[in-house]
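# Residue-level structure breakdown
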Amino acid sequence: MNQSLTDVDSHGEHHADHSHDSRLQHHFATFEQQFDAAKLGMWLFLGTEILMFGGLFVGFALQQAAHPEAFVAAHHHLDKKMGALNTVVLLLSSFTMVMAVHKAKQAKRAAMTAYLLVTLACAGTFMVVKFFEYQHKFHEGLLPGAFYKVQHIGEVPNQFIFFSFYFMMTGLHGIHVLIGMILITWLVIKGRTGAFDGKWYTPVDLVGLYWHLVDLIWIYLFPLLYLIT
Amino acid sequence: MNWLHDFILPKQASTLSGNIDNLFWFITAINVVFFALIAILVIHFMRKYRRKSENEVTPHITHNQTLEIVWSVIPLFLVIIIFFWGFHGYVNAQVAPANSIEIQATGKKWVWQFEYPDGMRTLNAFHVPVNRPVRLVLSSEDVIHSFFVPSFRIKKDAVPGRYTEEWFTATEPGVYQVFCTEYCGKGHSDMLAKIYVDDEAAYQKWLLEGDEEIKTMPLPELGKLVYENKGCATCHSLDGTRGQGPTWKGTWGAMHTMTDGKQIKVDENYIRESILEPQNHIVQGYEPIMPTFKGLIRDREVLGVIEYIKGLK
Amino acid sequence: MAHYAPGENYLNSPPGLWSWLSTVDHKRIGIMYLWSILFFFLIGGLMALLVRIELLTPKQTIMTAEQYNQVFTLHGAIMVFLFIIPSVPAALGNFVLPLMLGAKDVAFPKVNLMSLYIYWTGALMAVGAIVLGGIDTGWTFYTPYSTSTGGAVSLMTLAAFVLGFSSILTGVNFIATIHKLRAPGMGWFQLPLFIWSMYATALIQIMATPVLAITLLLLFMERVFHIGIFDPKLGGDPVLFQHFFWFYSHPAVYIMIVPGFAIISEIIPTFSKKTIFGYKAIAFSSVAIAIVGFLVWGHHMFVSGQSTLAGAIFSFLTFLVAIPSAVKVFNWLATMYRGSIDLRAPMLYACSFLLLFSIGGLTGLYLGAMSVDVHLHDTYFIVAHFHYVMMGGTVIAFLGGLHYWWPKMFGRMYNERLAAIACALVFVGFNVTFFTQFVLGSRGMPRRYYNYLDQFQPLHAFSTYGSWILGAGLFLTAGYLLATFRKPMDAPANPWGGKTFEWETQSPPITHNFDFDPVLLHGPYDYRPAKPRENEPVAH
């Protein structure tokens, strides 16, 4: 272990005796160790996200078992085409995200930025389609819980439970998409200064992992909400 | 050791209590032995091995596989016994015998209502015969409550929107305490009830004639109790508000017009008839929806309602 | 080699409040957590004293029923969410864990700071909820009472939601640190057992807390938007809430106790000057508890109406999970056997732990047995049981750890005589307060009761007197610990003769922990006299 331990650090108290890549934090010995730790941390965090969404999936399954006709009747109000479009858009964005990570590692700034921007555009498209879907539901009064429209005689009761879960699950997912968009924007800005290269492209990789999770959750949401029979 | 048993556990008054208490004492015996072992060793080691000098060298004992197995297996064996014993006792307590008397117990903040198969309803107390199984079907009208009878060693949550049940066979006549034991707000610690276990003859007498209390309570007070417990309050207000039925405020001595045009004065007879044969005369402007209370109300209770209404100016 | 001035350490360098609030030094973050959780321990403790005073007599003693319901709820919520869950991991763990690994910091120092700020945000929201209407649901928030009662339940629910993320991020940080930042030579079976236990705890934190998060979110949505999941009037199932809630909250109690085990595993070998007995047994038992602990939640619900089969599975697994804890106690005892025992405060607390945690664990046997639990559930027996494990276990271990690492954290030694007196007061007071409650419970006294039958009064009064003795011991402890700040920083680097890395650096440490590169030369509990080795650098 030859590395000096009192190098430049983010505390700023002791100044470097020699030049040192400030992207390597002081408590890590090598870039590789730092990257491995970051990836592990991200995977762990994503695990917690899966568990959190998992709770909603379990709740949905239990309520579906308790009110099967209501869930079938309610889901007909969802537009399968729009849902399918969103699925394709997100899958595409996952691909462009992978390419962005690849280009970041190769220090190809322009290509990375381009792929990030396409990813952002896909995410934006997803949110716009989502907006139209929500707007349609608002018009029809298909709202969660207490705000559901007054039921007419002959309609299957308890459909509001389905919409409670629909809005909670797609809403929570949508919040994660928005957070992802902010993170991708940050990557674009930071990337402009040539911060990423083969030695250190950690943030791009981590945001990529996050984005894949966001995509994956939608892959489960879409059939569950839109396609159940 | 009886004094210890009586100090720690309530009186045993059901067929379930004995087995549960036996398991309780079995676990206690195991606990006393293991705790004594641990405590004696801790204190003994603290004294015997107290450091005498800074240069002491201790033996380098890292582990002992045999010991690990022994002190894993012996506790495992003991807890498996406890598991089966507890499971068996629990299963016994879940399935009521086929000939049980069924009583509906409903919790609502902050009282217990009981209903017998013949429709008789009581509040915060009910009677059962000794040595006969009783099955309580529990539910709640608002939040989760729990019906706990320490002496019978039974407890079950009363959950809104569904039914749960517990059963017991009381072994000794007496009065037994019931507690609500799932936190339910301001009156949680006052949501008590009593179970009166009678011998068979006294029980039959009670079924016919009702509570001593009902025989001796002042009539207006009895009337108020009936108003609250038998559902009158659902339709008849005390403050003049129009409900499903006419308000009781100021109704005594008033003249009401019936749907058939007749004019009737509100007196003892009218009130009695309204309770027992309500469909005979309906006050104009109201629907004929009042159910009859024949068989669900005792004679003295009717008198009580009459006296109560008299006082509602 | 030193770039540090004499007397310079992580506390005084760099100076200034802003340097603390923007620090990424795990030690400073640990200390800020420490003061925060101790503050909430004080608040929660005062609530407890108020509860006990009210229970001196049946009916009103000093407050109304509504006030009492709020006070016991807040006692529980503050103690669980704001004190005990973060206590060992975030306060002591943050400080000690990297040092023990020979690392310069945790894997993600900035995330560590963020988790502190998230904790403070959640704490502020909780205080807001207390002030803006309070909560009276019990810390368990059972529906439909919690979805229909007034007060600031929604805000408190969100506060707990926010606090959960602080816990999750600490867990992520610790796992990554333990995997990636160990000193050279420190394989998994050379890790101090503190690390094994903190690793198990972190696993539970990241797996269980997200489920709490979603449960709280669903509760909030039910309360505000009436979505129809827990309220039977809306087609929901109130017992479903209990399943969701306990799926987190049972593992949560292992988040509370396993760090306590971590501390005991350090103190006993050090103060017996003897290697730990059964290293692997203790290490694996922590992991076993973490895993099996996820499978027993239904033992809180034997009378809820859940199926008998489900109950039986939960009961069986509950008995299984007891075994690893028992194994630990036996191994610790065996460590003391033929040791050279130093009875200073950390060891007094460790010995107290052995006795009190044993009672707590053994009384769990009554509760795992389904038929007996029917009688004891929701009575004071439960209250006594969980105070024995959480307070007699975790808090006692925490106090032991606090005394053990106090010289390292602050560079000062506390007064041993006062510490022994305080430990005795705490031990006696605790038993008088809580052993009495076992008897109250077995006699049928329900919990969360403002009013009670006269027959329970003598026992309630006795328990209250115990709480005053306990309180006196804790206030005395606070007093002599705070008094150390008037002394100079003259504590030695290794006052106890410990064999883990934190004792190889000065007290208090420099900001970067070590002014050399720690390399593992001996196991963490190797008390054999050092043999001179040729051509090998001494540790420092």
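Residues numbered from 1 in each chain as written. Chains lettered and ligands numbered in written order. Predicted model: local features only at pLDDT ≥ 70, side-chain atom pairs only at ≥ 80, totals over all residues. Heavy atoms only, no water.

### Some remarks on the sheet that holds strand E1 (residues 101-108) of chain B
Residue and element names in this part refer to chain B. Let me state the cut-off plainly: Only strands joined by at least two bridges in the DSSP assignment are considered to pair. What counts as a helix is a DSSP run of H or I of at least four residues, what counts as a strand is a run of E of at least two, and both are numbered from the N terminus. Working convention: axes come from line fits to C-alpha atoms, limited for helices to the stretch in contact. Angles between N-to-C directions cover 0 to 180 degrees.
Strand order in the open sheet formed by five strands is E3-E2-E1-E5-E8, and the pairing between neighbours is mixed. A strand with exactly one partner marks an edge of an open sheet, and here the two such strands are strand E3 (121-123) and strand E8 (164-169). Shown here is a sheet whose adjacent strand axes are inclined to one another by a mean of 25°, direction ignored. Sheet topology places strand E2 (residues 111-115) next to E3; three bridges connect them, and they run antiparallel.

### Some remarks on the packing of aromatic side chains
Quick note on the threshold: Ring pairs are drawn from Phe, Tyr and Trp, using the six-membered ring of Trp, whenever the two centres fall within 6.5 Å, and their geometry is named by plane angle: stacked under 30 degrees, edge-to-face over 60, tilted for the rest. When a residue's accessible area, from a 1.4 Å probe over protein chains only, is under 20% of the maximum for its type it is buried; when over 50% it is exposed; and in between it is partly exposed. Here, a charge over a ring means that NZ of Lys or CZ of Arg falls within 6 Å of the ring centre while also lying within 35 degrees of the ring normal.
As enumerated under the stated definition, the model contains 96 aromatic pairs over all chains in all. A centroid spacing of 5.3 Å and a plane angle of 70° characterise the contact between Tyr183 of chain B and Tyr145 of chain C, whose relative ring orientation is edge-to-face. Remark: Tyr145 of chain C occurs in helix H5 (residues 145-148) and Tyr183 of chain B occurs in the loop between strand E9 (174-180) and strand E10 (192-198); the pair is interchain, linking two chains. Taken individually, Tyr183 of chain B and Tyr145 of chain C each receive the classification buried, so the pair is uniform in this respect. Chaining the aromatic ring pairs together yields one cluster made of Phe60, Phe71, Tyr134, Phe138, Phe162, Phe163, Phe165, Tyr166 and Phe167 of chain A. Of note, Lys155 of chain B hangs over the ring of Phe148 of chain B, and the distance from its end group to the ring centre comes to 3.9 Å. The positively charged end of Lys280 of chain C is found above the aromatic ring belonging to Phe189 of chain C, 4.7 Å away from the centroid.

### Observations concerning empty space enclosed by the protein
Residue and element names in this part refer to chain C. Note the threshold: Space inside and on the surface of the protein is sampled on a 1 Å grid over the protein atoms alone, with a cavity defined as a set of points where a 1.4 Å probe fits but cannot get out and a pocket as an open set with protein on both sides within 12 Å along at least 5 of 7 lines; lining residues have an atom within 4 Å of a point. Grid points are joined across faces, edges and corners, and a volume is the space filled by probe spheres set on the points. The nonpolar class holds Ala, Val, Leu, Ile, Met, Phe, Trp, Tyr, Cys and Pro. Asp, Glu, Lys and Arg form the charged class, and all remaining residues, Gly among them, are polar.
If you walk through the whole model with that rule in mind, you get nine cavities of 30 Å³ or more. One number sums up the size of the largest cavity: a volume of about 140 Å³. In this structure, the largest cavity is lined by 17 residues; those nearest its centre are Phe81, Ile85, Pro86, Leu163 and Ser167. Breaking the lining of the largest cavity down by element, the ones donating at least two residues are helix H3 (65-101), helix H6 (153-180) and helix H7 (193-225). When residues in the lining of the largest cavity are grouped by element, the largest group, six residues, is from H6. Tallied by class, residues from the lining of the largest cavity come to eleven nonpolar, six polar and no charged.

### Focus: the arrangement of the chains
What counts here: By definition in these notes, contact holds between two residues if any of their heavy atoms fall within 4.5 Å.
For the two pairs of chains in contact, the largest share of contacts goes to chains B and C. Left apart from each other, chain A and chain B have a closest C-alpha approach of 13 Å.

### Here we look at helix H2 (residues 68-75) of chain A
All names here are of chain A. The cut-off we apply is this: By arc we mean the arc of the directions from the helix axis to the C-beta atoms, nothing more.
Where H2 is concerned, the buried positions are Ala70, Phe71, Ala74 and His75. In a view along the axis of H2, the buried residues occupy a sector of 115°, so they form one face of it. In this fold, the buried residues of H2 make contact with helix H1 (31-66), helix H3 (80-105), helix H5 (159-191) and helix H6 (202-227).

### Some remarks on the side chain of His281 of chain B
All names here are of chain B. With respect to the helices and strands, the residue His281 is situated in the loop between helix H8 (268-276) and helix H9 (299-310). In this structure His281 comes out as buried when scored by relative accessible area, which is 18%. Setting aside residues no more than four positions away along its own chain, His281 makes contact with Met258, Asp260, Lys262, Ile264 and Glu273.

### Topic: the interface of chain A and chain C
To keep things clear, this is the line we draw: Here's the idea: put two parts together, see how much 1.4 Å probe accessible area each one loses, and the total over both is what we call buried area. When a carboxyl oxygen of Asp or Glu lies within 4 Å of a side-chain nitrogen of Lys or Arg, that pair is called a salt bridge. Throughout this description, a polar contact denotes any pair of N or O atoms lying within 3.5 Å of each other; where both atoms belong to protein, one of them has to be capable of donating a hydrogen while the other can accept it, and for residues adjacent in sequence the pair is counted only when both atoms sit in side chains.
Across the boundary between the two partners, chain A contributes 42 residues, which contact 45 residues of chain C. For the pair chain A and chain C, the summed buried surface comes to about 3700 Å²; carbon and sulfur atoms form 74% of the total. The salt bridge involving Asp36 of chain A is made with Lys180 of chain C; its shortest N-O contact spans 3.9 Å. One can count six residue pairs in polar contact (both at pLDDT 80 or more) joining chain A with chain C. Mapped by element, the contributors of at least two residues to the side of chain A that touches chain C are H1 and H5 of chain A. Among the residues forming the side of chain A that touches chain C, the class breakdown is 21 nonpolar, 17 polar and four charged.

### Some points on the nonpolar core
The condition is simple: Each nonpolar core is a collection of buried residues, namely Ala, Val, Leu, Ile, Met, Phe, Trp, Tyr and Cys, held together in the definition by side-chain atoms within 4.5 Å. Domain ranges listed in this record stem from an automatic or a database domain assignment.
Counting 335 residues, the largest nonpolar core has Phe147, Phe152 and Ile195 of chain B together with Trp332, Met347, Trp405 and Met409 of chain C as the members making the most contacts within it. Of the residues forming this core, the biggest block, 24 residues, is contributed by H3 of chain C. Two domains share this core, each providing at least three of its residues, namely domain 1 (2-47 + 63-94) and domain 2 (101-209) of chain B. In contact with Met347 of chain C, not counting residues within four places along its chain, are Ile267, Ile268, Phe271, Ser272, Met336, Ile341 and Asp342 of chain C. Counting 21 residues, the second-largest nonpolar core is a separate cluster that includes Tyr227, Ile282, Tyr286 and Tyr308 of chain B.

### Re the layout of surface pockets
Empty space left among the atoms is revealed by rolling a probe the size of a water molecule over them. As a volume, the second largest pocket reaches approximately 1600 Å³. Lining the second largest pocket are 45 residues, with Leu206 of chain A together with Phe108, Lys110, Val111 and Met114 of chain C positioned closest to its centre. Only H1, H5 and H6 of chain A together with helix H4 (109-131) and H6 of chain C provide two or more residues apiece to the lining of the second largest pocket. Here the lining of the second largest pocket gets seven residues from one element, more than from any other, and that element is H1 of chain A. Looking at the lining of the second largest pocket, its residues break down into 29 nonpolar, eleven polar and five charged.

### A look at the pairing of strand E4 (residues 125-129) of chain B
Residues and elements named next belong to chain B. Buried residues dominate E4, accounting for five of its five residues. As judged from the five bridges shared by E4 and E10, these two strands associate in the parallel manner. Bridged to Pro129 within E10 is Asp198.

### A word on unusual backbone geometry
Here the residue pair Lys109 of chain B and Trp110 of chain B is connected by a cis peptide bond, since its omega of -5° sits within 30 degrees of zero. Mapped onto the secondary structure, Trp110 of chain B falls in the loop between E1 and E2. Cis geometry is found at the peptide bond from Thr143 of chain C to Pro144 of chain C, where omega equals -5°. In this fold, Pro144 of chain C is placed in the loop between H4 and H5. A positive phi angle, close to 70°, is found at Asn158 of chain A, a residue other than glycine. For Asn158 of chain A, the location among the structural elements is in the loop between helix H4 (109-140) and H5. For Phe141 of chain C, which is not glycine, the phi torsion reads 55° and is therefore positive.

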